[in-house]
Amino acid sequence: MKQAIIKSSKSLLKSFPIILGTILLISLISVIIPKSFYIMIFSEDLFLDSIIGSLIGSISAGNPVTSYIFGGEMLTQGVSLLAVTAFLISWVTVGLIQLPAESAILGKKFALFRNLTAFILSIIVSVITILILEVLI
Amino acid sequence: MVFCNSGRDFINRTYLYVVSLLADLKNKGLSYGLIACFLYNRAIKIPLLPIAIFYFGWKYILVLSFVMILMSVIQGIVIDKIFRKNKIKRRNNL
């Protein structure tokens, strides 16, 4: 347990520059991009929102910490939790940027199928998560 | 510093190491379904859970992690079935 806490705190410290950098970048972006822009991209339609969230998450790459910060900021900007959930999941499970490397190592067909199913599942998982949360709360 | 970090993240080295390891394991008999399941579960980062909980709350993260683990198994089964069907088709053609 002690070792796990030390390891976790070490990895948290390691990712601190990323967190700081992302927060600084987001604070810049939030000034440049008005709130109406997010409302323009994300409609009121929940299903469409989750697809858009998944698409944005799929084309993005990077540390999962960045996605948490982005997701948290998106929530404060008024984006629905469904879209943010789809974004968070597809950020880590779908890798369009890593697709060439993955297809070269594990096979083209497998990489395509895996990313496609991960994309579809990111929408399904977000819907299920929100439904369960609505029942719980 | 920010751009160095984002650049390093852009081509995730750890991801390539993991994929190479999985390719080795595949050559030793690991099925495609298990590889897909493993890659999907990589999304659940235990060391980063405190940050995730800070942003979204423990209830949300708990439910999300549970659903993701469940779906990773389903994805594994689906991919396994697809590739098994393809194998059988190829054998029949030969």
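Quick look at the structure, then. This is a predicted model, so every value here is computed, not measured.

**Describing the pattern of salt bridges**
Then comes step 1: The full count for this structure, using the stated rule, is 2 salt bridges over all chains.
Then comes step 2: In this structure, A:E102 engages A:R114 in a salt bridge whose closest nitrogen and oxygen atoms are separated by 2.7 Å. With A:E102 in helix α7 (residues 99-106) and A:R114 in helix α8 (residues 108-136), the pair connects residues that are 12 residues apart, well separated along the chain.
Then comes step 3: Classification of A:R114 by relative accessible area gives buried; the value is 2%.
Then comes step 4: One salt bridge in this structure joins B:R84 and B:D80, with 3.8 Å as the shortest N-O distance. On the criterion of helical spacing, the pair formed by B:R84 and B:D80 is a turn pair, its members being 4 residues apart in helix α5 (residues 58-93).
Then comes step 5: Judged by relative accessible area, B:D80 falls into the buried class, the value being 18%.

**Topic: the packing of helix α6 (residues 81-93) of chain A against α8(A)**
Residue and element names in this part refer to chain A.
Then comes step 1: It is the contact of α6 with α8, at a shortest axis distance of 8 Å, that shows an interaxial angle of 145°. Considering the relative orientation of α6 and α8, their crossing is right-handed. In this structure, α6 uses L81, L82, T85, A86, I89, S90 and T93 to contact α8, whose residues at the interface are R114, N115, A118, S122, V125, S126, V127, T129, I130 and L133.
Then comes step 2: Of the residues assigned to the contact of α6 with α8, the class counts are 9 nonpolar, 7 polar and 1 charged.

**Let's talk about a nonpolar patch on the surface**
All names here are of chain A.
Then comes step 1: Residues L25, L28, V31 and I32 make up a contiguous nonpolar surface patch of roughly 420 Å² in combined accessible area.
Then comes step 2: Considering the arrangement of structural elements, one finds L28 in helix α2 (residues 16-32).
Then comes step 3: When its relative accessible area of 53% is taken as the criterion, L28 is described as exposed.

**Quick look at the interface of chain A and chain B**
Then comes step 1: Contact with chain A, which involves 47 residues of that partner, is made by 40 residues of chain B.
Then comes step 2: In this assembly, chain A packs against chain B so that about 4,000 Å² is buried in total across both faces, 78% of it on carbon and sulfur atoms.
Then comes step 3: In terms of surface lost to chain B, no three residues of chain A exceed A:Y68, A:L106 and A:F110, which account for 17% of the buried area on that side.
Then comes step 4: Applying the counting criterion to the chain A and chain B interface returns 0 salt bridges.
Then comes step 5: Where chain A packs against chain B, one counts 3 residue pairs in polar contact (both at pLDDT 80 or more).
Then comes step 6: Elements that contribute at least two residues to the side of chain A that touches chain B include exactly α1 (2-14), α2, α5 (64-76), α6, α7 and α8 of chain A.
Then comes step 7: A per-class count over the side of chain A that touches chain B returns 30 nonpolar, 14 polar and 3 charged.

Cut-off values and rules
Residues numbered from 1 in each chain as written. Chains lettered and ligands numbered in written order. Predicted model: local features only at pLDDT ≥ 70, side-chain atom pairs only at ≥ 80, totals over all residues. Heavy atoms only, no water. Salt bridge = Lys/Arg side-chain N within 4 Å of Asp/Glu carboxyl O. Helix = DSSP H or I, 4+ residues; strand = E, 2+ residues; numbered from the N terminus. Buried < 20%, exposed > 50% of the residue type's maximum accessible area, 1.4 Å probe, protein only. Axes fitted to C-alpha atoms, helices over the stretch in contact; angles between N-to-C directions. Left-handed = near helix turned anticlockwise from the far one by under 90°. Contact = heavy atoms within 4.5 Å. Nonpolar A, V, L, I, M, F, W, Y, C, P; charged D, E, K, R; others polar. Patch = residues over 30% accessible without salt bridge, like charges linked within 9 Å, V, L, I, M, F, W, Y side chains within 5 Å. Areas by Shrake-Rupley, 256 points an atom, 1.4 Å probe, with all protein chains shown as cover. Buried area = accessible area lost by both parts, 1.4 Å probe. Polar contact = N/O pair within 3.5 Å; in protein donor to acceptor, adjacent residues only side chain to side chain.

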